[in-house]
Structure formats: structure tokens, C-alpha cells
Amino acid sequence: GILTIKPNECGKDCKWEYNETTKELIINGSGEMVNFVEGNTPWINHKNNIEHIIITGITSIGTNSFKGFTNLKEFEISENITTIGNNSFSFSSNLKLIEYKGTSNICKTNNNKPFESIGTEFIYANKEYKEKQFCGLNVKMRCGEKCYWNYNESIGLTISGEGTMYEFTDGNTPWNNYKTQIKL
């Protein structure tokens, strides 16, 4: 059957609200977000103001959900998300910080390009994520609350961010697999 979406809904059990003060789009609920035709999302009137997106509970991000949101700066992908639709964040040119809380690569096909032409080439992942790529983005791994690492053969080991790194036991650093390639 046809799913009728009410003004503050974005799926069967998915609701949204926009906070003008914090410039946050807050989406919560359970189940899947619907896929959208480009430019036809229920929050389109706030497109030029949204800087942060907070999603809790739902399991998917619909196609074209935030495409062209040029003021969007930060987004966190929770561990609940199992699917990100095509062009979900494409052409969001100021999107600089994407953090992934899950542990598996949820972009199932090479044709899925949720992050085409955005403001960064990196996604920040937790220390349990083991792959070098996520939906076409290079991965920087967490090695502290606000510290990240990445290994690139041409550049070497890069640790960036701020604050204190996690404590590691001897030989238990997340970059231990690259120790023979790392030159001091």
C-alpha cells in the first residue's frame, strides 16, 4: 500500500523536528526513513539553515534526504543505521565532520554514493571499525575521545585531533598492523 506521511514524519515510525536556536535537525523513531525525490523532503524549508543532524533509533537514511544541504557541517551515523540511501548527503559542500559509530561497512553496492561532492574526504570511525573505506570515504580511526589516526602508504601514520589518547598496552595499538611500515 501507499504510506501517507504527516507533516512531522519521515517514515512509518520516524519523526523529525527542527531546532532554530541550535540549527539542528533531530530525527528519531524506529524502522526505516522513506526515500525522497530530490528537493521533496519534509524539512526542505529548513535546508539552508541546518548545520547539524542528530538521528536516533531509526535504521536507514533515505535517498536524497540531505542532498545539497550546503550549511550542514556535522553528522553522526549511529550504530542503528544499516542502510544509507544514494545521494543522502551529496553536494553538501560544508559537511566536514562525519562520525560513524557502527562497526560494519553499510554501503552495500559500489553504485551507492551517499557522500558525493561533500566538504571532506574522511569519515571518522570508532576503534572497532576495521576497513579503510566507508561509502567511498577514507576512514580515520578513533584513538582517543577526540583523537584520530590514519595510515597511508605514501604519507605514513597520521595522528590528529585534540586531547588525550586512549591508553594502549604494548603491541596493542590500533596501528600495530602497520608497525613494520612506519618509519620514525
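Everything below is about the structure shown above.
Note that this is a predicted model, so its numbers are computed, not measured.

Caption draft 1: Representation of the packing of aromatic side chains in the model. Within the structure shown, the criterion is met by 14 aromatic pairs. Here the aromatic cluster, defined as three or more aromatic residues joined through ring pairs, consists of W16, F36, W43, F66, F69, F75, F89 and F115. Positioned over the ring face of F122 is K140, at 4.4 Å from the centre of the ring.

Caption draft 2: Highlighting unusual backbone geometry. A positive phi is found at N87, a non-glycine position, where the angle reads about 60 degrees. Here N87 shows up in the loop between β7 (83-84) and β8 (97-100). Given a relative accessible area of 15%, N87 falls into the buried group. Residues other than glycine seldom take positive phi values, yet S117 does so here, at roughly 55 degrees. Position of S117 relative to the elements: it lies in the loop between β8 and β9 (122-125). Classification of S117 by relative accessible area gives partly exposed; the value is 45%.

Caption draft 3: A look at the pattern of salt bridges. Scanning the model with the defined rule gives 7 salt bridges in all. With its nearest N and O atoms 3.7 Å apart, the salt bridge here joins E99 to K101. A single salt-bridge network, built from bridges that share partners, covers K23, E51 and K73.

Caption draft 4: The arrangement of the side chain of N64 in detail. Within the secondary structure, N64 sits in the loop between β5 (60-61) and β6 (74-77). Taking the relative accessible area as the measure of exposure, N64 reaches 12% and is therefore buried. Every residue in contact with N64, bar those within four places of it in the chain, is listed here: F36, V37, E38, T41, N86, N87 and S88.

Caption draft 5: Quick peek at the pairing of β8. Bridge count between β6 and β8: 4 bridges; the pairing is parallel. Bridge pairing links E76 to E99 in β8. The sheet contact formed by β8 and β9 spans 2 bridges and is parallel. Bridged to E99 within β9 is Y124.

Caption draft 6: Expanded view of the environment of E99. You can see E99 is positioned in strand β8. Classification of E99 by relative accessible area gives buried; the value is 10%. When the C-alpha atoms of E99 and K140 are compared, they prove to be 9.4 Å apart, with 41 residues separating the residues in sequence. Discounting residues that sit within four places of it in the chain, E99 has contacts with F75, E76, I77, Y124, R142 and Y148.

How each quantity is defined
- Residues numbered from 1 in each chain as written.
- Predicted model: local features only at pLDDT ≥ 70, side-chain atom pairs only at ≥ 80, totals over all residues.
- Heavy atoms only, no water.
- Phe/Tyr/Trp six-rings, centres within 6.5 Å; stacked < 30°, edge-to-face > 60°.
- Lys NZ or Arg CZ within 6 Å of the ring centre and 35° of its normal.
- Helix = DSSP H or I, 4+ residues; strand = E, 2+ residues; numbered from the N terminus.
- Buried < 20%, exposed > 50% of the residue type's maximum accessible area, 1.4 Å probe, protein only.
- Salt bridge = Lys/Arg side-chain N within 4 Å of Asp/Glu carboxyl O.
- Contact = heavy atoms within 4.5 Å.
- Pairing = 2+ DSSP bridges.

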